[in-house]
Amino acid sequence: MIIQTMKEGAGLVVTVSGRMDAVTAPEYEQKFEEMLSNGETDFVIDFEKLEYISSAGLRALLSTSKKIRNKNGKIHLANVCGNVREVFDISGFTGIFQVHGSVAEALAVIAG
Amino acid sequence: MKANRSIVFRLILVISLWSGLIFIVVLGYNYHHSREVLEKELEKNAANLALSLANKVDAELVSVSKVTEGVAKALETADYDEKSLRLLLRETLEANPGIYGSCAAFEPHEFRKESVAYALYFFRRNGTTDAIRLDRSSGSLPYFYWDWYQIPFELGRKEWSEPYFDEGWGNQLMMTCSVPVFKGGKSAGQVRGIVTSDLSIESLTRLVSSTRILRTGYAALISRQGVILAHPLKQSIMNETFFSIAEERRDPGLRKLGQKMIRGESGFVFYKSLVGVKSWMYYTPIRSTGWTLAVIFPEAELMENITNLTMVMTVIGFLGIAFLCIAVFFISKSITSPLIALAGTSRKIAEGNFELDLPPIRTMDEVGVLTASFQSMVTSLKQYIRNLTETTAAKERIQSELKLAKDIQASLLPRIFPPFPERPEFDIYAMMRPAKEVGGDFYDFFFTDRNSLCFLVADVADKGVPAALYMMVAKTLLKSEGQRVGDPGKILCNVNNILAEDNENCMFATVFVAILDTVTGEVRYANAGHNPPLLVRSGSAAYVDAKHGLVLGPLKDSCFETGSLMLMPGDTIFLYTDGVTEAMNRDGEFFGDASVLETVGKASKTGAASIISSVGEELGRFTDGAEQADDITMLAVIYRGMP
């Protein structure tokens, strides 16, 4: 798993590529802890290059989004596609996250 | 190949060889230099000795020749008759005890006209003097032809004869000095006669022979013909010449030396003496007779002191080197023995015996420092191994506890099949194959009332102990709520609210729960984020169109709708977790939804157990020994209908 970040207007765009599973999920959580402690609150997570997400990955996603919301931050997902989308649909995550078709769309909503 | 010679051996070899070499060079130089100094000193001494001897000999000879010349002069200046000549000769003889005989020989008609020859010879006999007329002695050559007369006569100057044995005079070595008498003075050049003096050279040769140089060194006298006159080898005196000996020895160097001597040169040479000893010789001429006087110094005796000194130095030197080697041996032993001890101990330590004590540090030299570093290494290693042992023990304990937890977890699931042998209207079978760690999959089935069979499959997010604990809670809640409420949607709703109460870590579980009415075949179900189950009817499998609710746990007040479908007798409903579809082979490929559909469809005609075992076999073939990453859980229910 590779996590890249880029400041885009109102939010921080976090691009996650590779696999998000029991091995890499702690790394994901740690990265967000860092960004939150650096004062970042609004995030757009770009899942375009994410190949696979396991239940551990979903749990990490939930856990970080809860922390972000506790700080009155915003978390928006973009480009959830392929089998990641399938997992989101089955697990009902599509219903509890704000999922957008593109990063720009998500940023626009944050700026909203 | 490494040379396995010890340090001790190499040190001793190098040190002894080098010090030996240096010692030999120094000794050699010392010997050579001493010899040179000695040689120079010797040349001076030898020359002095030879010259003083030569002068002594010369003085004797010169005195005799002076006397003879005096007689000749007298005969030239005064008018002598026979009588006065007799008187002159007798007086001369009596006045000079060194002279044995004296002769005056004249050309014909000296005193009388009729006398053809006149030669008067005075000599000593029995303490008195006697005289004979040589011209009257019969049977011999006329004196005119004798060398002592003819040579000075012809040359017109004084002449010494070669030494000779005079048998008439007790075999004494004699010489004759002949002086010509000129008529009307020397300037006129006409020789009237010859005056001679006979001289015994015994005293001279004795003087020379008695000269002792060192122990066996000597002086020698050689005539101008090379004849040996004085020499310790008595038999060679007058019998051999320098040249005959050179010939005998085939030594051209000796002959050259002889020629130099005869030419009247002087010099200092190293040669093999006539007695066969390597010697130095200084030779110098005796002016009056052209003889050569030589002094001979035997080398061995000259060099005795130097040789002795060198021998003593050699002995001392080699003893010194021997002591040096012994010292080197002990010093290098004292260096290497702690090293050897250290090497031995470290080998044992390397074999794992850490309790062994290293050799004590005696001095803080390099070996001491090495031992100290080694000691600290051993201590660190000991500490490290102790830590590792403790960690390993702790890890093993945790492992065994996790194994126990896994067993407990597995034992919580219903494992007796068939579970309800008295109920022929359905056939149920389930299995859970855990992955390596304790995990979060589980299944359950129970009657909520006489004709309602509740069955469910769940998958707790993540793995490990937190997942296992969460699974326990979820399973307990699902069973208690299932038995209490009886509606799948409601069951999930209630359990979700309880789980979401204190869920800081956002743990969650996906659950599919269904209740089969065994009388009608109606299945009511609800889904909390789980894979949709398969419905298998007449050999083909299809997904149950279950409305997906959110996973169980993260969000309070989630709603779960209850769906419903009717089973015909023979229909199968197959529940599973993503461990089945996402089982991976060695190439990282998933087993996949399609394979599950196909396998389940094919196996549907047989019993619930065989559906599950055939999926299991198919999975085994697919993964082909690749490590199982996730728990695999399957549950199959075949509805038979009421009998």
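This part covers the overall build of chain A. The helix and strand tally for chain A stands at five helices and six strands. Along its sequence from the N terminus, chain A presents helices and strands in the succession β-β-α-β-β-α-β-α-α-β-α. A globule of 112 residues ought to have a C-alpha radius of gyration of about 13 Å, and chain A, at 13 Å, matches this closely. In chain A, which comprises 112 residues, the proportion classed as buried is 53%. The contacts of chain A with a sequence gap of at least 6 include a subset with a gap of at least 24, amounting to 70%. Total accessible area on chain A stands at roughly 4900 Å², and carbon and sulfur atoms take up 48% of it. Side-chain charges in chain A split into 11 positive and 14 negative, and the spacing between the mean points of these groups amounts to 6 Å.

What follows covers the sheet that holds strand E14 (residues 426-433) of chain B. Residues and elements named next belong to chain B. Spatial ordering of the open sheet is given by E14-E24-E23-E19-E20, a layout of five strands whose pairing is antiparallel. Only two strands of the sheet have a single neighbouring strand rather than two, namely E14 and strand E20 (540-543). When strand polarity is set aside, the average angle formed by the axes of neighbouring strands in this sheet is 20°. Pairing between strand E23 (residues 572-576) and strand E24 (residues 632-639): five bridges, direction antiparallel. When the bridges of E24 are listed, isoleucine 573 appears paired with valine 637.

Per-residue confidence for chain A gives a mean pLDDT of 90; residues scoring 70 or more make up 100%. Averaged over each element, pLDDT in chain A is lowest for helix H4 (residues 93-96) of chain A (88) and highest for strand E3 (residues 42-46) of chain A (93).

Moving on to the interface of chain A and chain B. Between chain A and chain B, the contact holds 17 residues from the first and 23 residues from the second. Summing both partners gives a buried area of about 1500 Å² for chain A against chain B, and 63% of it is carried by carbon and sulfur. Taken together, the links from chain A to chain B amount to zero salt bridges. At the boundary of chain A and chain B, one finds five residue pairs in polar contact (both at pLDDT 80 or more).

Next up on the list: helix H2 (residues 82-95) of chain B. All names here are of chain B. The end-to-end C-alpha separation of H2 is 20 Å, in line with the 20 Å expected for 14 residues at 1.5 Å each. Taken as a whole, H2 has its buried residues at Leu85, Leu88, Leu89, Thr92 and Leu93. In an axial view of H2, the angular spread of the buried residues amounts to 125°, which keeps them on one side of the axis. Exposed and facing more than 90 degrees away from the buried side of H2 are Lys83, Glu94 and Ala95. Where H2 is buried, its residues meet helix H1 (7-77), strand E1 (99-106), strand E2 (118-125) and strand E3 (128-133).

All names here are of chain B. Across all of its chains, the model carries 27 salt bridges over all chains by this definition. We note a salt bridge from glutamate 162 to arginine 224, for which the minimum N-O separation is 3.7 Å. Here glutamate 162, found in the loop between strand E4 (159-160) and strand E5 (164-166), pairs with arginine 224, found in the loop between strand E9 (217-222) and strand E10 (228-230); they are 62 residues apart in sequence, far enough to count as distant. When its relative accessible area of 23% is taken as the criterion, glutamate 162 is described as partly exposed. In this structure, arginine 263 engages glutamate 265 in a salt bridge whose closest nitrogen and oxygen atoms are separated by 3.2 Å. The class for glutamate 265 is partly exposed, based on a relative accessible area of 32%. Residues joined in a network through salt bridges with shared partners are Arg157, Glu159, Glu162 and Arg224.

Negative phi is the rule for most residues except glycine; trans is the rule for most peptide bonds. Residue and element names in this part refer to chain B. Omega for the bond connecting phenylalanine 417 with proline 418 falls within 30 degrees of zero, at -5°, which places this linkage in the cis form. Mapped onto the secondary structure, proline 418 falls in the loop between helix H9 (366-412) and E14. In this structure, methionine 238 takes a positive phi of about 70° despite not being glycine. Among the secondary structure elements, methionine 238 is positioned in the loop between E10 and helix H5 (242-249). Even without a glycine there, the phi angle at aspartate 557 is positive, about 60°. On the secondary structure map, aspartate 557 appears in the loop between strand E21 (548-549) and strand E22 (563-566).

What follows is about a nonpolar patch on the surface. Residue and element names in this part refer to chain B. Judged by side-chain polarity, Phe9, Leu13, Val14, Leu17, Trp18, Leu21, Ile22, Val25 and Val26 come together as a nonpolar surface patch covering roughly 890 Å² of accessible area. Following the sequence through the fold, leucine 21 ends up in helix H1. Relative accessible area serves as the criterion here: at 45%, leucine 21 is assigned to the partly exposed category.

Now for the pairing of strand E19 (residues 534-537) of chain B. Residue and element names in this part refer to chain B. Both E19 and E20 contribute to a ladder of four bridges, which runs antiparallel. Residue valine 536 lies in a different strand from E20, and its bridge partner there is alanine 541. Linking E19 to E20, which pair antiparallel, is a turn of two residues; within it serine 538 sits at a positive phi near 40°. Both E19 and E23 contribute to a ladder of three bridges, which runs antiparallel. Looking at the pairing, leucine 535 lines up with isoleucine 573 of E23.

Attention now goes to the environment of Thr520(B). Residues and elements named next belong to chain B. Among the secondary structure elements, threonine 520 is positioned in the loop between strand E17 (509-517) and strand E18 (522-528). The exposure class of threonine 520 is partly exposed, given its relative accessible area of 42%. It is 7.9 Å that separates the C-alpha atoms of threonine 520 and methionine 566, two residues lying 46 residues apart in sequence. Not counting chain neighbours up to four residues away, the residues in contact with threonine 520 comprise Met566, Leu567 and Tyr639. Within the structure, threonine 520 has its side chain in polar contact with the backbone nitrogen of glutamate 522 (distance 3.2 Å).

Here the focus is the side chain of Asn503(B). By the secondary structure assignment, Asn503(B) is in the loop between helix H11 (488-500) and E17. Among the residues examined, Asn503(B) registers a relative accessible area of 6% and is labelled buried. In this structure the side chain of Asn503(B) is engaged in a polar contact, spanning 2.6 Å, whose partner is the backbone oxygen of Met507(B). Apart from the residues lying within four places of it in its own chain, the contact partners of Asn503(B) are Lys66(A), Tyr470(B), Gly553(B) and Pro554(B).

Let us look at the nonpolar core. Residue and element names in this part refer to chain B. Counting residues in each nonpolar core, the largest one holds 53 residues, and the members touching the most others are Leu61, Leu75, Trp291 and Val295. Here this core takes 14 residues from H1, the largest share from any one element. What leucine 61 contacts, discounting residues up to four positions off in sequence, is Trp160, Met175, Leu199, Leu204, Ile286, Ser288, Thr289 and Trp291. In terms of nonpolar packing, the next biggest core, distinct from the first, is built from 51 residues, Phe446, Ala474, Leu535 and Leu552 among them.

Cut-offs used in this document
Residues numbered from 1 in each chain as written. Chains lettered and ligands numbered in written order. Predicted model: local features only at pLDDT ≥ 70, side-chain atom pairs only at ≥ 80, totals over all residues. Heavy atoms only, no water. Helix = DSSP H or I, 4+ residues; strand = E, 2+ residues; numbered from the N terminus. Rg over C-alpha atoms; globule rule 2.2 N^0.38 Å. Buried < 20%, exposed > 50% of the residue type's maximum accessible area, 1.4 Å probe, protein only. Contact = heavy atoms within 4.5 Å. Areas by Shrake-Rupley, 256 points an atom, 1.4 Å probe, with all protein chains shown as cover. Lys, Arg positive; Asp, Glu negative; His and termini not counted. Charge placed at Lys NZ, Arg CZ, Asp CG, Glu CD. Pairing = 2+ DSSP bridges. Axes fitted to C-alpha atoms, helices over the stretch in contact; angles between N-to-C directions. pLDDT = per-residue confidence, 0-100. Buried area = accessible area lost by both parts, 1.4 Å probe. Salt bridge = Lys/Arg side-chain N within 4 Å of Asp/Glu carboxyl O. Polar contact = N/O pair within 3.5 Å; in protein donor to acceptor, adjacent residues only side chain to side chain. Expected span 1.5 Å × (residues − 1). Arc of directions from axis to C-beta. Patch = residues over 30% accessible without salt bridge, like charges linked within 9 Å, V, L, I, M, F, W, Y side chains within 5 Å. Core = buried A, V, L, I, M, F, W, Y, C linked by side-chain atoms within 4.5 Å.

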